[in-house]
Amino acid sequence: MASNLVIVESPAKAKTIEKFLGKDFTVKSSFGHIRDLSKKNFGIDIENGYTPQYIIPDDKKKVVEDLKKAAGKAETVWLASDEDREGEAIAWHLYDVLEIEPGKVRRIVFHEITREAILKAIENPRTINMELVNAQQARRILDRLVGFELSPVLWKKVKPSLSAGRVQSVAVRLLVERERDILNFKSTSSFRVTAHFEATDNKDQKSRFRAELPKRFPERDQALEFLKKCVDARFQVTDITTKPSVKSPPAPFTTSTLQQEAGRKLGFSVAQTMAIAQRLYESGKITYMRTDSLNLADSVLSAAARLIKGEFGEKYVKTRKYKTKSKGAQEAHEAIRPTYLQNRIEGSNSNEQRLYDLIWKRTVASQMSDARLEKTTITISISGLDEYFTATGEIMKFEGFLKVYMESDDEEQEEQVKGLLPPLKKGDRPVALNITATERFTQHPPRYTEASLVKKLEELGIGRPSTYAPTISTIQNRGYVVKEDRPGTQRKYKVIQLEEKNIKEEVHTETAGSEKAKLFPNDIGMVVNDFLMNHFNDILDYNFTASVEKEFDDIAAGKLTWHHMIDKFYNPFHKKVEKTVETSEKNKGERYLGVDPESGKNVYVKIGRFGPMAQTGESESEEKPGFAALRKEQRLETITLEEALELFKLPRKLGQYEDKDVVAGIGRFGPYIRHNNKFVSLKKDLDSPYEIELDRAIELIEEKRRAEREKVIREFEGNDQMAILKGRWGPYITYKGKNYKIPKDTDPAGLTAEQCLSIIKNSDKKPAKKKTAVRKRQKPK
DNA sequence: CAGTGAGCGAGCTTCCGCTTGACTT
């Protein structure tokens, strides 16, 4: 009979620990927090000392019942939630809810999931630290007050269903500010000069290398002038320097660095990385994936040392302990690492295997020696000129950790001229095979990816490992931000080349500014951000979280009471909220563009009920104003009067066909023709909705009709609700407006009406739709 | 699938941090 009950936060952890402990112990999990503030009336009794109103959410009722039963039977209940602010609060909620006799409860913590660590924890129980719990309650109450007071202000002043909060609003601010930096960025160009040299050594061996001119020329004329002077110039090596350098391995993974590297190396979104890591964790392959700790268990350090020695040799071993630098880290877990280092491959599909491999390499590399490099710089003078070329080369003296792992960079850097250099001496006279001046452009600051935004938030101490991925999802779900690819634009650049005493000048084209999986703020994100910055700049301050964190620490240290802290924050904040609701204008991001020369009416852009739109004429006037939705790629901030007027040219009436109007327009899915409530897509590049004429439109309508007719594989007499059709993904049955898949290896043309009905019946059984997972999405139009 | 944009008003939306399901084309 088990007389001890141990409660941890995660079920996977419970399973592991149960194996370490004897038959006297049952280990169960709380699945995280078991109580939360009620959603009614803020869940806080503001008038009575901000008393929190806790409830057990529906999906936790079963867990709590189960724990209560087990706790009643046990002689001793060990509360073993994580050793951080949230974990301490979970322990207290458990204690409060489970109605255990005080004498039966012990609070324990451990940092490693090993038998020794747990037994040691059990020998050293303590009581629940109420000061730490109060720090958590202050954190929870502050976040609720901020979120539930600010969001309704947005509903009134901007648009319903929007949200604001301590973390998400700062995330949006970062993106909006970066976007404006990019919009305001003026790219300039200059000419970069590179040369290919050939050197001949005393054994008549020839070798080639590249060199670069450190100086850049701002104008084409100066670059040309320089090349002209090089035509008859001679080149000489005047200096050779070598400098040793060392590179140390990166620290083991935390949640944030794992998300970054999996994004860069494997192309995973942060949500994808977390889901895959979760599966590896649940199957016991890796340690916990939501962590800010860089710590590895001592047993792992020795295992790594053994493994590296066996695999690569003694000199590759250098065990290290890493210290976290990130603000507000709570370090309740270990770094993310393989559970068993000796297992080189793990995971039940390729994504799991790739992520495991990344974690394995990073963990092992973190315990390996530094790489030693030697960087050589050769200076080459040009006769008659002050300018000089430099060639740099890097040689690896000792690979060290680079044998296993190389960290990726965020920014795409300009290709550097590096590599092996021939053995040159001072005084050598290499020959220039060619010298090229290429026009290069300065680049705007990079847009954030999901992972680089997480990195930035972590640097600012905003958000926690468990919330990075959900925060990124929230700001996308609210429509503040979209993640997407954008094609670049063609850009011309000049190339001037000197080769065999001839100078030729050419113009090349390149694609610039294309973006892949980057975060772009939408108009609504910008409008909300501006509104919040205007009225609540203190909450949006990048240091707001850091300063309240300091106060939470003071509460945890017993130097400040949580009532006092919350009261000091809430009074002025609430006054500001009330004042804003009373006095501020509605903020629709309206911008006045100018006067329509044809009608003389004013033209505006703003956010309407269905998203960003343009308007001609006044809303208050008797004559109804004209409306047109902005195109997907247009922004309130940047659209011009001409572009806005263009929008009103569509939809365009082309004429009549079969007594019905034929209309051309651009919709969500591109240009279209509408006739008799049926839509025909225009062919890209072939037809323009601005120019297409009636004859061509009729042609397209007829073409579509023909395709529709050919689509029918079979119809049924006396039943015009049902048909067998040919679709993009093969044949299917349509019945009363819904479509059904035909089972493989069935001849679609040979199906009888009865057989069709039975297929329909079978597939109708499956979808038992539940309401729970339905999430509201705002798609930008 | 793509159009829409009056005005009224009921009833709803919303935060951050812990944890996993149970959904589906």
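Residues numbered from 1 in each chain as written. Chains lettered and ligands numbered in written order. Predicted model: local features only at pLDDT ≥ 70, side-chain atom pairs only at ≥ 80, totals over all residues. Heavy atoms only, no water.

1. Overview of the packing of aromatic side chains
What the rule picks out here adds up to 16 aromatic pairs. Aromatic pair phenylalanine 197 and phenylalanine 389: ring centres 5.6 Å apart, planes at 80 degrees, arrangement edge-to-face. With phenylalanine 197 in strand 9 (residues 189-200) and phenylalanine 389 in strand 13 (residues 388-398), this pair connects stretches of sequence that are 192 residues apart. Across the pair, exposure class does not vary: phenylalanine 197 and phenylalanine 389 are buried alike. Judged by centre distance (5.9 Å) and plane angle (50 degrees), the rings of phenylalanine 312 and tyrosine 316 are tilted. Looking at phenylalanine 312, the relative accessible area reads 23%, which means it is partly exposed. (Phe/Tyr/Trp six-rings, centres within 6.5 Å; stacked < 30°, edge-to-face > 60°. Helix = DSSP H or I, 4+ residues; strand = E, 2+ residues; numbered from the N terminus. Buried < 20%, exposed > 50% of the residue type's maximum accessible area, 1.4 Å probe, protein only.)

2. Notes on the packing of helix 5 (residues 130-157) against helix 14 (residues 523-535)
Helix 14 packs onto helix 5 with a crossing angle of 120 degrees between their chain directions and a minimal axis gap of 12 Å. If you check the angle between helix 5 and helix 14, you find them oblique. With respect to the hand of their crossing, helix 5 and helix 14 are arranged in right-handed fashion. Contacts from Leu150, Val153, Leu154 and Lys157 in helix 5 reach Val528, Phe531 and Leu532 in helix 14. Here the residues of the contact of helix 5 with helix 14 are counted per class, giving six nonpolar, no polar and one charged. (Axes fitted to C-alpha atoms, helices over the stretch in contact; angles between N-to-C directions. Parallel < 35°, antiparallel > 145°, perpendicular 65-115°, else oblique. Left-handed = near helix turned anticlockwise from the far one by under 90°. Contact = heavy atoms within 4.5 Å. Nonpolar A, V, L, I, M, F, W, Y, C, P; charged D, E, K, R; others polar.)

3. With respect to the sheet that holds strand 21 (residues 611-616)
The strand order 19-20-21-22 describes an open sheet built from four strands, whose pairing is antiparallel. Strand pairing shows two members of the sheet lacking a second neighbour, strand 19 (591-595) and strand 22 (626-629), which therefore form its edges. Each strand of the sheet is rotated relative to its neighbour by a mean of 25 degrees, with strand direction disregarded. The pairing of strand 21 with strand 22 spans four bridges and is classified as antiparallel. Each residue of the ladder has a partner; that of methionine 613, found in strand 22, is alanine 629. (Pairing = 2+ DSSP bridges.)

4. Focus: the environment of lysine 315
When you line up the elements, lysine 315 lands in the loop between helix 10 (298-312) and helix 11 (350-365). Given a relative accessible area of 61%, lysine 315 falls into the exposed group. Separated by 313 residues in sequence, lysine 315 and alanine 628 have C-alpha atoms that sit 69 Å apart. When residues no more than four places from it in sequence are discounted, the contact partners of lysine 315 are Ser369 and Phe398.

5. Details of the sheet that holds strand 26 (residues 678-681)
Overall, antiparallel pairing links the four strands, which are arranged 23-24-25-26 in an open sheet. The open sheet has two edge strands, strand 23 (652-657) and strand 26, and neither has a second partner. The mean angle between the axes of side-by-side strands here comes to 30 degrees, regardless of whether they run parallel or antiparallel. Bridge analysis of strand 25 (residues 670-675) against strand 26 gives four bridges, and the strand direction is antiparallel. Considered in strand 26, the bridge of tyrosine 672 is made with serine 681.

6. Some remarks on helix 17 (residues 562-583)
Taking 1.5 Å of rise per residue, the 22 residues of helix 17 would be expected to cover 32 Å, and the 32 Å separating its terminal C-alpha atoms lies within 8% of that figure. At tyrosine 570, helix 17 is bent by approximately 25 degrees, the largest bend along its length, and proline proline 572 sits one to four residues beyond. Those residues of helix 17 that fall on the buried side of the exposure criterion are Trp562, Met565, Ile566, Phe569, Tyr570, Phe573, Val577 and Thr580. Residues of helix 17 that are buried in the fold lie against strand 5 (51-52), helix 5, helix 14, helix 15 (537-540) and helix 16 (544-556). (Expected span 1.5 Å × (residues − 1). Bend = angle between axes of the 7 residues up to and from the residue.)

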